[in-house]
Amino acid sequence: MFSILNYTVEHLYIVFIACVFSAIIGVMLGVIAYWVKYLDAIILTLADIIQTIPSLALLAMLMLIFGLGNTTLIAGLVLYSLLPIIRNTYTGIQSIAPHIKEAAIGMGMSRWQRLFKIELPLAFPMIFSGVKIATVTAIGISVIGVLIGAGGLGYPIYRGIQSHNPGLILSGAIPVVLLALLFDYIMTLLEKKITVIKK
Amino acid sequence: MSEFITFLLDNQRMIFQSLAIHIHLVIVAVFIGCLIAIPIGTILSRYQKTAKMVLGVVGIIQTIPGLVMLGFALVFFGIGKLPAVIVLALYAILPILTNTYIGITEVDKHYKEAARGIGMTSIQILFKVELPLALSAIISGIKISTVYIISWATLAALIGAGGLGDLIWTGLSTTNDHLIIVGAMLAAVIAVLIGAAIGYIQNLVTPRGLKVRR
Amino acid sequence: MIKFSGISKSFGKSKIIDNLSFEVKEGEFIVLIGPSGCGKTTTLKMINRLIEPDNGSINIEGVDISSVDTVTLRRKIGYVIQQIGLFPNMTVEENICIVPKLLKWEKEKCIERTKELLELVSMPYDQYGKKYPTELSGGQQQRVGVLRALAAQPPIVLMDEPFGALDPLTRDALQDEVKALQQKLNKTIIFVTHDMDEALKMADTIIFMDKGKILQMASPEEMLRKPASDIIREFMGKRIAYGNSQDLSAEAFMNTNVVKTTENKQTFECLELMKRKKVNSIIVTNNNNEFRGIITIEDLKKRGKIEGPIGNIVNEDAELIHKDIAAKEAFERLIETKRDYLIVVDDEKQIIGIINKTSMVKALADALWGDLA
């Protein structure tokens, strides 16, 4: 029981680190896609392609660079989580009513001021929903990390498979499913709350 | 580099075989998935209350990691292709089911009323109006399923189903970088290519009348 | 043709249709009108059994429709809805041919029929047949919607506020077309609207409903003359007006929307103005708004490109009348002189309007229907 708690904590830790990184990188790329017109298609297509790559394939390739262990898993999760965050940042800013942007320009705000005072705050609910999708997906995918030597709840699942022990598999699987549902639930609640405030 | 090419040439039979098995697994699983999901999605569109429940359960099943399901398949059905196909098909059902249901229920009710008003039977309305209008959404569901299944099929190697996962997996356990690169690259390439191909088909079967307003 | 006998319908606790009975003759254009929630759309939808009544019976040509299979019934009744409902996945041709195909017509016959129908609304098959609904304007879409309803030659056509979503000009054109089609093809049409102008224009018989009951069923003329209740009177609004038109002056009927310009304007400015206002002649005044002459597009064309002010080339040959002369006299002058319009001036010789044939029709309508209100 104690060990499952440990695996759960490690699992969450990996997902958390990955999501923080991918939120930072994703929002940056989303803003770049918004600012630089001809880059938007390239960035979004690339992120789309990365997400299409099978997870084991991506992790295996990353392993050749980062070696066995948590770093590879985190790198893989970051790459995977980029698409929803980039896309939501981009469309979130894009869909702000033109008159609001015009007003900001008219008041003499610089590009950065507009970004931090107007555009990002208004796009925040959408960005958050992107982070939610990324987090819930990452909780599921990180199970595979055990195959490239990372820790987390994938470990008991894999051990269970190897030893034909359904109980052991479940001991890892149930927390994963619960975590995914829990995060989905909590983040959906938060999402609704911030959306209401913004309106 | 030349070392890698020699490796490719030496092992080309095995590589092609893995690729073929992988694609075979995916096609069979997605095909079974379609056969089950499209009729059920269509029927559910007639029973919206039941549908909410079913889709809720489907959503929960979707959060179960593929590795877990494959693990259970191994424990209960043993090693081989069949358990892998069963699990993969199960996963393939989910996005197709959801998209079929949503595609049909989101057809504007005016079209359905017009269709009823001019004397179409409910079967005719389904085949001439609802399904054609939902087709794009259904194919989009098939695309999502296929890309997922290509990914999860790499894990199927763990329960002895073979495929590209076999190359990656053997590579990982014997630290053979060449094997890993070949397996991973091929898996990535077919996922991207097949995804793009289905997207192209989706565009192709969407009637011109539905594409004009974007 | 269609007979409602003692029809009632409730949704939950509210009674939508209350013991409704009426009869529609073959080839009649019936307009159902009334405030929203009066049951007009429900009444319409009972005819093709999209809604089933709780009590009573509806007969079409002596047959109780509840004994007819809904699909068979609906294929014999055309149906046009406000949202148009053309199937976006089908071309214009495919949309029109749906019912004929359901009825297993031969392919050539379907194409023939489509061509014939498109011809009726001046949308040539070669140009429009293969287009998709989204490639058409709203007015064209609804024309196709009407054609789809007519395709299998149903004796009855139901129309549920078919022109409600169109702009006024398009609506007007479609009203004329549908009315003409109905007379030409001798269809029985049941038409729902909340627009009294539309009802007066289209109907042979207007059925005015409120709270699920018929308040009045009468010809447009009779309804204007003897509205049966205050609600109807209110609906008619300004259309019931004027006392005795004999006493009325030209001013009462003139059109005040006059396109005019001053004599120092350049030729090309006048052309521009004509184009913009879509008229082929304009009235030219001096700077005091007194009549100087008129200029027609033919005049301008005949003279070719002439630079300089319009005042040099105006045609002074026009008929001026004083605003106080009797309307009757004004109309007589209009007919005698065979002019397009007469120019109405006041005591200070200021131009205040024109009298044309539209003014006459308006006066006639008022005289005919307005005086007994």
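Source: prediction; values computed, not measured.

Reading guide: rules and limits
Residues take numbers from 1 onward in each chain, read along the sequence in its written order. Throughout, the order in which chains and ligands are written sets their labels, letters from A for the former and numbers from 1 for the latter. Note on the predicted model: pLDDT of at least 70 is required for a residue's local features to be given, and 80 or more for side-chain atom pairs to be given and counted; whole-chain, interface and lining totals, by contrast, use all residues. No hydrogens and no water enter the side-chain calculation; it runs on all heavy atoms of the structure. For patch detection, residues must exceed 30% relative accessible area and be free of salt bridges, and they are connected within 9 Å for like charges or within 5 Å for nonpolar side chains (Val, Leu, Ile, Met, Phe, Trp, Tyr). Accessible areas in this description were obtained via Shrake-Rupley with a 1.4 Å probe; residue shielding takes into account the shown protein chains only. Criterion for a salt bridge: a side-chain nitrogen of Lys or Arg within 4 Å of a carboxyl oxygen of Asp or Glu. The charge count includes Lys and Arg as positive and Asp and Glu as negative, but it does not include His or the ends of the chains. For this purpose, a charge sits on NZ of Lys, CZ of Arg, CG of Asp or CD of Glu. Strands are runs of DSSP state E lasting at least 2 residues, helices are runs of H or I lasting at least 4, and numbering of each runs from the N terminus. Residue contacts are defined here by distance: any two heavy atoms, one from each residue, within 4.5 Å place the two residues in contact. When two components associate, each loses some accessible surface as probed by a 1.4 Å sphere; the sum of these losses over both components is called the buried area. Any pair of nitrogen or oxygen atoms within 3.5 Å is treated as a polar contact; in protein, a donor-acceptor pairing is required on top of that, and neighbouring residues in sequence qualify only through side-chain atoms on both sides. The residue classification treats Ala, Val, Leu, Ile, Met, Phe, Trp, Tyr, Cys and Pro as nonpolar and Asp, Glu, Lys and Arg as charged. All others, Gly included, are polar. The buried label goes to any residue with under 20% of its type's maximum accessible area, the exposed label to any with over 50%, and the partly exposed label to all in between, with areas taken from a 1.4 Å probe on protein chains only. At least two bridges found by DSSP between two strands are what make those strands a pair. Look down the strands so they point away from you; if the path from the first strand over the helix to the second goes clockwise, the crossover is right-handed. Here an angle of 0 to 180 degrees is reported between the N-to-C directions of two axes, which are lines fitted to C-alpha atoms, with helices fitted over the stretch in contact. Crossings are sorted by hand: turned counterclockwise from the far helix by less than a right angle, the near helix makes the crossing left-handed, and turned clockwise it makes it right-handed. The predictor attaches a confidence to each residue, and that confidence, scored 0 to 100, is pLDDT. One less than the number of residues in a helix, times 1.5 Å, gives the span that helix is expected to have. For this analysis, a nonpolar core means a set of buried residues of the types Ala, Val, Leu, Ile, Met, Phe, Trp, Tyr and Cys, connected via side-chain atoms within 4.5 Å.

A.B. asks: Break down a positive patch on the surface for me, citing the residues and quoting the values.
C.D. replies: The grouping of K128 of chain B together with K101, K104 and K107 of chain C at the surface amounts to a positive patch. Tracing the chain through its elements places K128 of chain B in helix α7 (residues 122–155).

A.B. asks: Could you give an account of the interface of chain A and chain B, naming the residues involved and the relevant values?
C.D. replies: On the chain B side, the residues contacting the 29 residues of chain A number 28 residues. The junction of chain A with chain B conceals about 2500 Å² of combined surface from both sides, 88% of it contributed by carbon and sulfur atoms. Our count for the chain A to chain B interface comes out at 0 salt bridges. Connecting chain A to chain B are 1 residue pair in polar contact (both at pLDDT 80 or more). Elements with a contribution of two residues or more to the side of chain A that touches chain B: α2 (40–52), α3 (55–66), α7 (154–162) and α8 (166–198) of chain A. Counting residues per element, the side of chain A that touches chain B draws most heavily on α8 of chain A, which supplies 8 residues. The class makeup of the residues in the side of chain A that touches chain B is 25 nonpolar, 4 polar and no charged.

A.B. asks: So what about the pairing of strand β12 (residues 281–285) of chain C? Which residues, and what values?
C.D. replies: All names here are of chain C. The buried count for β12 comes to 5 of 5 residues, which makes it a mostly enclosed element. Side chains S281, I283 and T285 project from β12 onto one buried face, and the interleaved I282 and V284 project onto a second face that is buried too. Relative to β12, strand β11 (residues 260–262) runs parallel, the two sharing 3 bridges. Paired with K260 across the strands is I283, a residue of β12. On the question of chirality, the crossover connecting β11 to the parallel β12 by way of helix α12 (residues 267–277) is right-handed. The pairing of β12 with strand β13 (residues 291–296) spans 5 bridges and is antiparallel. Residue pairing for β13: I283 is matched across the bridge by I294. Turn length for the β12-β13 hairpin, with the two strands adjacent in sequence and antiparallel, is 5 residues, and the turn residue N289 shows positive phi of about 65°.

A.B. asks: Could you give an account of the packing of helix α2 (residues 12–44) of chain B against α7 of chain B, with specific residues and numbers?
C.D. replies: Two quantities define a packed helix pair, namely the angle between the axes and the distance from one axis to the other. Residues and elements named next belong to chain B. Packing of α2 against α7 leaves a shortest axis separation of 9 Å and a crossing angle of 145°. Viewed along their axes, α2 and α7 form a crossing whose handedness is right-handed. Residues H22, V26, A29, V30, C34, I38 and T42 of α2 pack against L126, L131, I138, I142, T146, I149, I150, A153 and T154 of α7. By residue class, the composition of the contact of α2 with α7 is 12 nonpolar, 4 polar and no charged.

A.B. asks: Break down the confidence of the model for chain B for me, citing the residues and quoting the values.
C.D. replies: Across chain B, the average pLDDT comes to 89, with 98% of residues at 70 or higher. The least confident element of chain B, judged by mean pLDDT, is helix α10 (residues 208–211) of chain B at 71; the most confident is α2 of chain B at 94.

A.B. asks: Now, about the sheet that holds β12 of chain C: what can you tell me, with residues and values included?
C.D. replies: Residue and element names in this part refer to chain C. The sheet built from 3 strands is open, its strands ordered β11-β12-β13 with mixed pairing. The strands lining the two open edges of the sheet, one partner per strand, are β11 and β13. The sheet shows a mean angle of 30° between the axes of neighbouring strands, direction not considered. Sitting on the sheet, α12 touches β11, β12 and β13, and the angle it makes with β12 is about 130°.

A.B. asks: Tell me about helix α4 (residues 66–77) of chain B, and please be specific about residues and values.
C.D. replies: Since the α-helix advances by 3.6 residues per turn, residues separated by three or four positions end up pointing in the same direction. All names here are of chain B. An ideal rise of 1.5 Å per residue puts 16 Å on 12 residues; α4 measures up with 16 Å between its terminal C-alpha atoms. Within α4, 10 of the 12 residues are buried, leaving the element largely enclosed by the surrounding structure. Within α4, the full set of buried residues consists of G66, L67, V68, M69, L70, G71, F72, A73, L74 and V75. Positive phi appears at G78, one or two residues downstream of α4, with a value of about 85°.

A.B. asks: Break down a nonpolar patch on the surface for me, citing the residues and quoting the values.
C.D. replies: Taken together, L182, Y185, I186, L189 and L190 of chain A make up a surface patch of nonpolar side chains, about 490 Å² in accessible area. The class for I186 of chain A is partly exposed, based on a relative accessible area of 41%.

A.B. asks: Describe the nonpolar core, and please don't skip the residues or the numbers.
C.D. replies: Core analysis: the biggest nonpolar cluster contains 97 residues, and I157 of chain A together with I149 of chain B have the highest contact counts within it. A total of 13 residues in this core trace back to one element, the largest contributor, which is helix α5 (residues 81–105) of chain B. Ranked by size, the runner-up nonpolar core spans 47 residues in total, among them I2, F4, L102 and I156 of chain C.

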